[in-house]
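Now for the letters of each chain:
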Amino acid sequence: MLAIIWHSRTGAAQAMAEAAAQGAAGAAIAVRLLRAEAATPEDCLAAQGFLFICPENLGGLTGEMKAFFDRCYYPLLGRLEGRAYASAIAAGTAGQGAQAQLDRFVTGWRLRRVAPPCIILTGADRPDSILAAKTLPHIALQKCRELGQLLSNGLEMGAF
């Protein structure tokens, strides 16, 4: 099973997660979209691979995505080594801060990155545009579909 664990504030990361799930749907492997607030250690143990998707807030992960790692980190320590992961970050103008924070967490779990980070920039850089609902362009959603497809096909073939 591919677990797509996501959190969204303005709709961008949710659209990215849904697009990734659409891309992954063509493979025989099961795909589960899991909101970060609801994902459990048991969900993670059932997964062969992970796609983490969230926005960057104030240069880091959203509180809800961080809370997922806070809740699940120690119960899963030593139990997920070698499983595949990838990530997608929705950001206004950067994204690297959230990506670096996520990478630190999964390094402890000893997950194996199988695709380069996908950072989708919205250009939001003022309070009104940062807080506004987001609609992503087709090309951004296509990148997420391709990422989901890559992960599900790789898991199905046993490539990772």
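Residues numbered from 1 in each chain as written. Predicted model: local features only at pLDDT ≥ 70, side-chain atom pairs only at ≥ 80, totals over all residues. Heavy atoms only, no water.

Engineer: Explain the environment of A133 to me, please; I cannot follow it from the model alone.
Structural biologist: Tracing the chain through its elements places A133 in the loop between helix 5 (127–131) and helix 6 (138–157). In the structure, A133 is positioned 122 residues away from G11 in sequence and 6.0 Å away in space, judged by C-alpha atoms. (Helix = DSSP H or I, 4+ residues; strand = E, 2+ residues; numbered from the N terminus.)

Engineer: How should I be thinking about the packing of aromatic side chains in this particular structure?
Structural biologist: Between two aromatic rings, the relevant description is the distance of the centres plus the angle of the planes. Applying the stated criterion to the full structure yields ten aromatic pairs. A ring pair is formed by F52 and F69, whose centres lie 5.5 Å apart and whose planes are at 50°; its orientation type is tilted. Taken together, the residues F52 in strand 3 (residues 49–57) and F69 in helix 3 (residues 63–76) connect sequence positions 17 residues apart. F69 matches F52 in its accessibility class, with the two residues each being buried. (Phe/Tyr/Trp six-rings, centres within 6.5 Å; stacked < 30°, edge-to-face > 60°. Buried < 20%, exposed > 50% of the residue type's maximum accessible area, 1.4 Å probe, protein only.)

Engineer: Teacher, can you tell me more about the packing of helix 1 (residues 12–24) against helix 6 here?
Structural biologist: Two quantities define a packed helix pair, namely the angle between the helix axes and the distance between the axes. Interhelical geometry of helix 1 versus helix 6 gives an angle of 45° and a closest axis separation of 6 Å. Viewed along their axes, helix 1 and helix 6 adopt a mutual orientation that is oblique. Handedness of the helix 1/helix 6 crossing: right-handed. For the pair formed by helix 1 and helix 6, the contact residues are A15, M16, A19, A20, Q22, G23 and A24 on the first element and L141, C144, R145, G148, Q149 and S152 on the second. A breakdown of the residues in the contact of helix 1 with helix 6 according to their chemical character gives seven nonpolar, five polar and one charged. (Axes fitted to C-alpha atoms, helices over the stretch in contact; angles between N-to-C directions. Parallel < 35°, antiparallel > 145°, perpendicular 65-115°, else oblique. Left-handed = near helix turned anticlockwise from the far one by under 90°. Contact = heavy atoms within 4.5 Å. Nonpolar A, V, L, I, M, F, W, Y, C, P; charged D, E, K, R; others polar.)

Engineer: Is there a simple way to explain the side chain of S129 in this structure?
Structural biologist: On the secondary structure map, S129 appears in helix 5. A polar contact of 3.2 Å, which involves the side chain of S129, links it to the backbone nitrogen of D125. Apart from the residues lying within four places of it in its own chain, the contact partners of S129 are A124 and K134. (Polar contact = N/O pair within 3.5 Å; in protein donor to acceptor, adjacent residues only side chain to side chain.)

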